Each structure stands twice: as structure tokens, then as C-alpha cells.
Amino acid sequence: MTQPKIDVLVPDSDRMWADIMELSSIVDDRSPGWSREVFSEPYKASRDWTLQRMRDAGLEASIDAAGNIVGRLAGKNPNAPAIMTGSHTDTVHSGGRFDGIVGVMGAIEAARMLQESGTRLTSDLIVVDFLGEEANPFGVSCIGSRAIAGVLDPTHLERQDADGVSMAAAMAKFGLDPAAAVAMAWKPSDVKSYIELHVEQGPMLENAGTEIGVVTSIAGIERLMAVFTGRADHAGTTPMDQRADALIAAAEAILTVERVGCGAPIHGVTTTGKIATGQGAFNVVPDSSTIWAEIRSIDPSWLSGARRRIADQIAEDAAKRGVEVAIDLLNDQDPVPASQSMQDTVARAADSLGLSWAAVPSGAGHDAAHMAHLGSMGMIFIPSRGGRSHCPDEWTDKEHLGSGVQVLTSTLINLDQA
Ligand code: HGY
Ligand code: MN
Ligand code: MN
Ligand code: MN
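One structure accompanies this document, and this report is about it. Starting afresh in each chain, residues are numbered from 1 along the sequence in its written order. Ligands are numbered from 1 and chains lettered from A, in the order in which they are written. At least 70 in pLDDT is required for a residue's local features to be given in this predicted model, at least 80 for side-chain atom pairs to be given and counted, and no such filter applies to totals for whole chains, interfaces and linings, which use all residues. As a rule here, side-chain values come from all non-hydrogen atoms in the structure, and water together with hydrogens is ignored.

**Remarks on the coordination of the manganese ion (ligand 2)**
Argument step 1. Atoms are scored as donors when they are N, O or S and lie within 2.8 Å of the metal, with 3.2 Å used for Na, K and Ca; no water is included, so coordination may look incomplete. For the manganese ion (ligand 2), the full set of protein donor atoms is His88 (NE2), Asp99 (OD) and His198 (NE2), at a range of 2.1 to 2.3 Å.
Argument step 2. Within one chain, the residues serving as donors to the manganese ion (ligand 2) are arranged as H-x10-D-x98-H.
Argument step 3. Here the manganese ion (ligand 3) and the manganese ion (ligand 2) are spaced 3.5 Å from one another, each receiving a donor from Asp99. Taken as a pair, His88 in strand β3 (residues 82-88) and Asp99 in the loop between β3 and α3 (101-116) lie far apart in primary sequence, eleven residues in all.
Argument step 4. Using a 1.4 Å probe on the protein chains alone, a residue whose accessible area is under 20% of its type maximum counts as buried, one over 50% counts as exposed, and one in between counts as partly exposed. On the basis of relative accessible area, His88 is assigned to the buried category, the value being 0%.
Argument step 5. Classification of Asp99 as buried rests on a relative accessible area of 7%. Going along the chain from the N terminus, every DSSP run of H or I of four or more residues is numbered as a helix, and every run of E of two or more is numbered as a strand.

**Describing the coordination of the manganese ion (ligand 3)**
Argument step 1. On the protein side, the manganese ion (ligand 3) has Asp99 (OD), Glu134 (OE) and His390 (NE2) as donor atoms, found 2.1 Å from it.
Argument step 2. Between consecutive donor residues of the manganese ion (ligand 3), the sequence gaps follow D-x34-E-x255-H.
Argument step 3. Judged by its relative accessible area of 7%, Glu134 falls in the buried class.

**What to know about the packing of helix α1 (residues 13-23) against α3**
Argument step 1. Helix axes are fitted only over the stretch in contact, all axes being lines through C-alpha atoms; the angle between N-to-C directions runs from 0 to 180 degrees. It is at 10 Å that the axes of α1 and α3 come closest, and there the two elements cross at 145°. Where α1 crosses over α3, the handedness of that crossing is right-handed. Residues Arg15, Met16, Asp19, Ile20 and Leu23 of α1 form the contact with α3, whose participating residues are Ile101, Val102, Met105, Gly106, Glu109, Arg112 and Glu116.
Argument step 2. Lys, Arg, Asp and Glu make up the charged group, whereas Ala, Val, Leu, Ile, Met, Phe, Trp, Tyr, Cys and Pro make up the nonpolar group; the residues left over, Gly among them, are polar. Along the lines of polarity and charge, the residues of the contact of α1 with α3 split into six nonpolar, one polar and five charged. Helix crossings get a hand from a simple test, with the near helix turned counterclockwise from the far one by less than a right angle marking a left-handed crossing and a clockwise turn marking a right-handed one. Note on contacts: a residue pair qualifies if any of its non-hydrogen atoms lie within 4.5 Å across the two residues.

**Examining the site of ligand 1**
Argument step 1. Taken together, Asp99, Glu133, Glu134, Gln201, Arg296, Ala364, Gly365 and His390 are the residues near ligand 1.
Argument step 2. Pairs of N or O atoms within 3.5 Å make up the polar contacts considered here, provided that, within protein, one atom can donate a hydrogen while the other can accept it, and that residues adjacent in sequence are counted only when both atoms are side-chain atoms. Within the side chain of Glu133, an N or O atom sits 2.9 Å from a nitrogen atom of ligand 1.
Argument step 3. For ligand 1, a nitrogen atom lies 2.9 Å from a polar atom in the side chain of Glu134.
Argument step 4. Residue burial considers only the protein chains on display, and all accessible areas are found by Shrake-Rupley using a 1.4 Å probe. When the free accessible area of ligand 1 is taken as 210 Å², the share hidden by the protein chains comes to 93%.
Argument step 5. The class makeup of the residues in the shell around ligand 1 is one nonpolar, three polar and four charged. For each residue, the test is whether any non-hydrogen atom lies within 4 Å of the molecule or strand; if one does, the residue is near.

Written out as C-alpha cells, the structure is:
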């Protein structure tokens, strides 16, 4: 089959933009920015909206046991392994309108473009809106893509939020089937390759004035929760050297987390995203506190070393203060390289469209990291204004969105012919 002249496959960027803005209206608007967190009411309402959007675009769509919305555009050979693309539409609290969403709406637009241009792939095209990609109170991100990849396990279901509610209970309340989700596992023979369009969420492309990012690898993520137990004492009468102050121990731990990140050789970052403390009175030495932190790197050895160094230092410092500490370490995902052949395919697509591109790592985690279990994985980045994301200022220009969808569509066609 001759490759259709790719410039005939021009996305209807206004149509896509309208979809993105309409989806961004299905949020919890009590907080600034855009909040559509997993298992929330707005998220539940948005699942029906996205399902209908996929069906309107000619995809045979349904929701699986793990809550993924899976759309299929039949190819010429139903026995050929599928080409898969997608992303997520849940957000962080007070997040933006583009993280994940451009990958789902862009994939739906690519499906429309293929049909409108009469381009029939050999393989089925599978478009997925994965359930719950963002980190959540259970500490388990990428719920839906883990299920499809067959790596969602009972230990994930057992994890509880601060109120002692398990993730299994939250999934069941949302109308899902946790046991079936854990039992799910697409086979590598089902999927030929997976490609995801996503906003960069960082400053590299914009700083370089580059239109497309060819993702080389996705950072691994280790999470750490440290619960400090000290001793409540009178703030006025207890000498400074006779305290077991849980909040000071937590503060020292937060600085340890930051110091290890600042020492990272290549891409490596550390963040303490949250701290909680006990009764919180001016005049009582705090007897309890908790911190939630994460460590990320594309370098597996630095990542595991940093995790150990941070945990050991926190334990040593707390002991010096007479404060007990319980450290819970959770491997959220390992660093995952994108296949070289996929990187080459994306780069060729960008070149064929006359778009500038650069090979870049992803400091953000993605569903693609789990889809790499099924087949050759790749990602396409488009620029984020000011490198901002996970905040209301998150923004990507419409023309960059259009370029990204053109590269996505060209890549899908090339993967189908490979
Ligand atoms: O946290 C992340 O990296 C992704 O945005 N969920
Ligand atoms: Mn994302
Ligand atoms: Mn995100
Ligand atoms: Mn495969």
C-alpha cells in the first residue's frame, strides 16, 4: 500500500480543541484549576463523555473491568496484533487541561483522520483512555494500564488511603470489578506496538525551540512514606536537648530528600509532596508527623541507591533525636527505555512533516511505561508553555497539538506497515 501523502491527513485542530475544552468543563470547580481525580464524581461523569466521543468518532468502544475505555477501529486483518495508542483523562488536584488529555483526544482525532482519508490500517487500531494514571491516596498510579499489562496485583488492591479505605473498595464503589482487573492481562501477541502523545510537562522543548520530543526513556518512580513518633511535651518547660520532636525530625527528613536529589548525576529528582503532623498546637512539642516523598530517575542504579541513602539517613537522624520512624517504601515503576526502532519511527514522521525534533527523557511517569510489557513502546512530546504542568497554568498551543497529532497519525501508519 502506498503511504498516503501524510499532509492530506491534516487534523481538524479546532474540533480537537473544542473537545479538550468541553472535557475541561467536567471537573470539580470548587478548587482552582482543573480537578478530575480518579474515583471522583466529575471523573465518573467524564467517563461517559469520553466513551461517547470515541463512539462518535467511529470507534467500537466499551469500558473494561479496570475502568479503561477501550475503542477499536477494525483493520483489514483481524488476526494481526493491534496498534495501540492512548493516555489518561484523570488529573491531579487543581491540575491542568492537557496532561494525558491530549493523548486521548489526539488518538480519537487520529482515528477520525484515518477514516476521513480512507486510510485503512492492516492492524486494528486500539485507542485507550486508561483509568487513574495519576498518583492517588492509595499510592498506586496507572491503575488501568497496569491491569491491561497484567501487572496490577492484589497488593495494589490492598493499599489503603488515610481513612483506611482500600483501593479495591474504591474501585468497587466506582462500579469496577477489582478481582477481574487483577486477573486481566492482554498478551504481548495482542499488541504490535504502543505509541502515546503527551505534553512534555517540562521546559526542554520550549527552551530549545523544538516542536516535537522523541522520548528516549521514562523515569522510574520510588515512593517513600515516613511516619515519625516522638513525645508530646510542654513547649514552655521542656529543655531543647530533652525533646523528641517528631515535626523537627520530619523537617530534617525533607531536607535529606532534597539534598539527595540535588546531588543527582543525570536526570534524577526528589520531592516531598506532603507533610502532616499531630494535634498541631503552638504550645505542645509535636509527637507525630508523616511525610510523603518520591524519588525519580531514568538511571535505575542511581534510583535504587538514592532510595536506600534517603531511608538510611532518615532513620539515623530520627534515632539521634529519640524519635521513632516507620518507613514505607513503594516501587511505583521502574525506568523504561523507549525502543530504538520506535524512536526512529517517530523521528522519521517528524522529519517527513518538516517538524524540528529532539530526543528527550521523560521525568514524568506514563501509562506507556506499563504498556512496554506488551510490545514496542514509544512516546511523542509536544511543548508545555513555560515547562509548567500539574497546575492551572499548564498550557499547550493549538498548533503544537496539531503537529503532535500529525506525527502520531504518521507514526501509526508507519508502525502498521513495519
Ligand atoms: O506523576 C507523573 O509523573 C504523571 O504525571 N502521573
Ligand atoms: Mn500524564
Ligand atoms: Mn500527570
Ligand atoms: Mn506484542
